[in-house]
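Examination of the molecular architecture
If you want the building blocks of each chain, they are given just below.
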There are 2 protein chains.
Amino acid sequence: MSDSQMHLAAFVTAGPGRPGGWRYPGSVPGWLNQSYYQNIARTLEAGRFDLAFFADILSVPDRFGGSTDTQLRNGALGSLRLDPLHVLATMGAVTDRLGLAATVSTTYAQPYTVARSFATLDHLTGGRAAWNIVTSFQAAEARNFNRDSQFPRELRYERADEFLEVAGKLWDSWDDDALVLDAEEPLFADPRRVHAVDHAGEFFTVRGPLNVPRPPQGYPVLIQAGASAKGKDFAARWSDVIFCSHASLESAQAFYAEIKERAATHGRDPRQIKILPSITPIIGPTTAVARQLHDELFELVPPLGGLSTLAYHLDVDLSTFPLDERLPDVEVPGVEGHYREVREITERDGLTLRQLGKQYGGRVEGGFVGTAAEVADGLEQWFTGKACDGFTVQAPYQPGGFEDFTRQVVPELQRRGLFRTEYTGNTLRDHLGLSRPESGEWTHRVPTARKVLS
Amino acid sequence: MSDSQMHLAAFVTAGPGRPGGWRYPGSVPGWLNQSYYQNIARTLEAGRFDLAFFADILSVPDRFGGSTDTQLRNGALGSLRLDPLHVLATMGAVTDRLGLAATVSTTYAQPYTVARSFATLDHLTGGRAAWNIVTSFQAAEARNFNRDSQFPRELRYERADEFLEVAGKLWDSWDDDALVLDAEEPLFADPRRVHAVDHAGEFFTVRGPLNVPRPPQGYPVLIQAGASAKGKDFAARWSDVIFCSHASLESAQAFYAEIKERAATHGRDPRQIKILPSITPIIGPTTAVARQLHDELFELVPPLGGLSTLAYHLDVDLSTFPLDERLPDVEVPGVEGHYREVREITERDGLTLRQLGKQYGGRVEGGFVGTAAEVADGLEQWFTGKACDGFTVQAPYQPGGFEDFTRQVVPELQRRGLFRTEYTGNTLRDHLGLSRPESGEWTHRVPTARKVLS
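To keep things clear, this report deals only with the structure shown in the data block. (Residues numbered from 1 in each chain as written. Chains lettered and ligands numbered in written order. Predicted model: local features only at pLDDT ≥ 70, side-chain atom pairs only at ≥ 80, totals over all residues. Heavy atoms only, no water.)

For the match of chain B to chain A, the screw axis carries a shift of 0.0 Å, the RMSD comes to 0.0 Å, and the turn is 180°. Both copies of the chain, as the preceding transformation shows, are related through a two-fold rotation axis. (Least-squares fit on C-alpha atoms with pLDDT ≥ 70 in both.)

Below is the structure:
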């Protein structure tokens, strides 16, 4: 794939997605059935998407008022979330090329388990797996895993770094040619080409080898969404793909330039990191119809649904602030990128907290509302303006939002030569134009401090 | 399903199965591809099997000589094992009725993660998930999870009991009618019908609720294979299905009577526990051809492949005993059921350790070698003789062994009225004739000591 073409990920939700989206008459509440995801997968593959992407949360969020009630009542973010790895497996089962990305947190899992999961998924699907690496930052999540409170951010990222190091060692524990299958000898696997990893670190002690051969892609595609300084550093070292969120072209351009530079600082080819900001295009046959659809969807956003989602993202209990005043400056332990976005919106539009809730829940990331041609114009501007290498497309309502984009915007992008008309490779790395990591690649990605340790 | 019909599970391996089976010309080394498992799933569903069942191990075993070499070289048990949950999801994606069982250990996982996994799988597949509950007893597994040695058995079972208690609470954390989906109100889920679990025990502190609604089956079908006193007690309290291994009809009958009695002691209806001993039928168009096939398969069993598998099962390093002498009495920290079986074989046939390795690797559980009618005779004898409620069918080689059984033995059982000709329900509980647990059912299954605590 040439650098002159963009990449497309679909941000699918294994539960109700955008606040209020489930209330839209065109949405299908099929989140519990495999056929729902299989149909989305077929739509995306027909649209030649690079990958489907699933976020994840390890609790029903309770950051708004210390209770899960607001979340559940409004069907807000995380009120219902299936385990994304199984959803991916079911989507992979009915497709041949579509990449499959799941979020798995490094905070409460073990590297042997997670490395094995992704190696399995990568083999089963012929090299289509991707791992969106996150650390868990909510007290509600900690309380489902034997703790009272979250770990400090510093510690979470240290653990994540070591987690990735162990995962890399485990994926490399079988040489690419270790599986011999000589029935005569017999020699199933060559013991000289399967290695213990003997990792002994600060967080993990893991002997290995993995009980799964090296994944077809070497490592699954690694995705990260860090907007904090720690997160951006981690992403620049480990990520093949970066998922982010920006309220304006300028903000996206600044982030793009910074990450590519950081990657170069870490000795990586900046073209080997793909930055795919999130957008929520709303498409209509005419501009007016698209705006009408936007307004109808916006009307369905419950302000508290938006606020409880924002409370989760910022990790700030927004129920303690007056609803009819402007949100004051707050300390944000959560996702800094979302806070930056919210400050931009609040100041630009002079919103009260209640209005902010509705606005945040109903915001159109990237601002793309219009005809397919108009949306394509916007995407082209961002892409050629070095704001991104492509996009992570959110659906304003599922699954219709993906069908609209695939039927209308994708052909427009294809006509302009901005997007593939056929897959040219088999694996997700092929689609993204990413090289396959050689065995031992992880050694180049761990922080210098860890290298000295090992 | 009437009690006059047997149940059939297929013991599928997500890697090379029976020692030497992978060397057989008719075997297909497709363990890494989803189509391999999807084809097996379609075969089993065409044969109206109750379920497919996957074992699991969290390491490449190294119990033979403290190295993984013997295991890898011979393709013996656990040399390669994909994560069974993803394999199940891929099989579930292409079938409508087949039950789907995966082994997940309680020793190194967290109950929130595992409860969520199975709830997800049960929803996606419309009520077809089953969990084979094990505790991990190998030092090689411990060393992949930050420990030097395994936990003592007592502790493993105490943890397993509390693990199941937490899982039960989490599955019940959404009432069956909690998901309302009233778009008008809006009321996505009724907060009064979703409950924190607030579990604080010896091993786990979990607040809940789960972020997945109550599974279609209430709880996934619970399977256990405990042959130790602790294991049998655990199984009698928790299990819907018991998987076991017996070298003779008499041994199976004694076990069957004991478990059904234990279940009654725990206040359960003994008919609500299905006991499915493992068999490895070898089938031919004539008795002589079946025996010839048996002999050829037996020839392919590498003695050290069998021994390293046995070393794993017993958790005893058999490399320290002379290969050409009889195995002396040993202390067995591992699976007592397998040791009982091995003592029976060793004494009956007067085998050296090397011969035992080949015999153990190539053994035909249940001794069913013959024509389809002869195998059906044997199954009928066990079933009507109160040795079991059905069988767990292992394939002497994959996937052919399942195709042979489905094409030849299943129709014979159907003709005799011993097995269904069509599925009569949709869920795995329907197939097995198991009632759907009411919310709160877990309280009846925890040990008395834990009930007092909570």
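A word on the sheet that holds strand β3 (residues 99–105) of chain B. All names here are of chain B. Spatial strand order, β1-β2-β3-β4-β9-β10-β11-β14: 8 strands in a closed barrel with parallel pairing. Ignoring strand direction, the axes of neighbouring strands in this sheet form an average angle of 25°. The pairing of strand β11 (residues 274–279) with strand β14 (residues 390–394) spans 2 bridges and is classified as parallel. Residue pairing across strands places serine 278 opposite threonine 392, the latter belonging to β14. Seen against the sheet, helix α6 (residues 153–171) touches β4 (129–134) and β9 (221–224) and runs at an angle of roughly 155° to β4. Here helix α13 (residues 372–384) sits on the sheet in contact with β11 and β14, set at roughly 140° to β14. (Pairing = 2+ DSSP bridges. Helix = DSSP H or I, 4+ residues; strand = E, 2+ residues; numbered from the N terminus. Axes fitted to C-alpha atoms, helices over the stretch in contact; angles between N-to-C directions. Contact = heavy atoms within 4.5 Å.)

The next thing to look at is the sheet that holds strand β2 (residues 51–54) of chain A. Residues and elements named next belong to chain A. Strands sit in the order β1-β2-β3-β4-β9-β10-β11-β14 around a closed barrel of 8 strands; the barrel is parallel. Taking each pair of neighbouring strands and ignoring which way they run, the sheet shows an average axis angle of 25°. Together, β3 (99–105) and β4 (129–134) form the strand contacts of helix α4 (residues 111–124), whose direction differs from that of β4 by roughly 155°. Contacting β4, β9 (221–224) and β10 (241–244), helix α7 (residues 229–238) runs over the sheet at an angle of about 165° to β9.

Right, let's get into the pairing of strand β11 (residues 274–279) of chain A. The side chains of a regular strand alternate between both faces of the sheet. Residues and elements named next belong to chain A. Within β11, 6 of the 6 residues are buried, which leaves it mostly tucked inside the rest of the structure. Side-chain alternation along β11 places Lys274, Leu276 and Ser278 on one buried face and Ile275, Pro277 and Ile279 on a second face that is also buried. Bridging between β10 and β11 involves 4 bridges; their strand directions are parallel. The residue of β11 that forms the bridge with valine 241 is lysine 274. With respect to chirality, the unit in which β10 leads through helix α8 (residues 249–265) into the neighbouring parallel β11 is right-handed. (Buried < 20%, exposed > 50% of the residue type's maximum accessible area, 1.4 Å probe, protein only. Right-handed = clockwise from strand over helix to strand, strands pointing away.)

Moving on: the interface of chain B and chain A. At the junction of the two partners, chain B supplies 77 residues and chain A supplies 77 residues. Interface of chain B and chain A: buried area, both sides summed, is about 6,300 Å²; carbon and sulfur atoms make up 59% of it. For chain B, the biggest contributors to the area lost against chain A are His86, Leu124 and Phe188 of chain B; these three give 12% of the whole. One can count 4 salt bridges joining chain B with chain A. The salt bridge involving aspartate 62 of chain B is made with arginine 207 of chain A; its shortest N-O contact spans 2.7 Å. Joining chain B to chain A, the criterion identifies 42 residue pairs in polar contact (both at pLDDT 80 or more). Counting only elements with at least two residues in the side of chain B that touches chain A, the list comes to α1 (34–46), α2 (69–74), α3 (84–92), α4 (111–124), β5 (179–182), β6 (187–189) and β8 (205–206) of chain B. Residue composition of the side of chain B that touches chain A, grouped by class: 39 nonpolar, 25 polar and 13 charged. (Buried area = accessible area lost by both parts, 1.4 Å probe. Salt bridge = Lys/Arg side-chain N within 4 Å of Asp/Glu carboxyl O. Polar contact = N/O pair within 3.5 Å; in protein donor to acceptor, adjacent residues only side chain to side chain. Nonpolar A, V, L, I, M, F, W, Y, C, P; charged D, E, K, R; others polar.)

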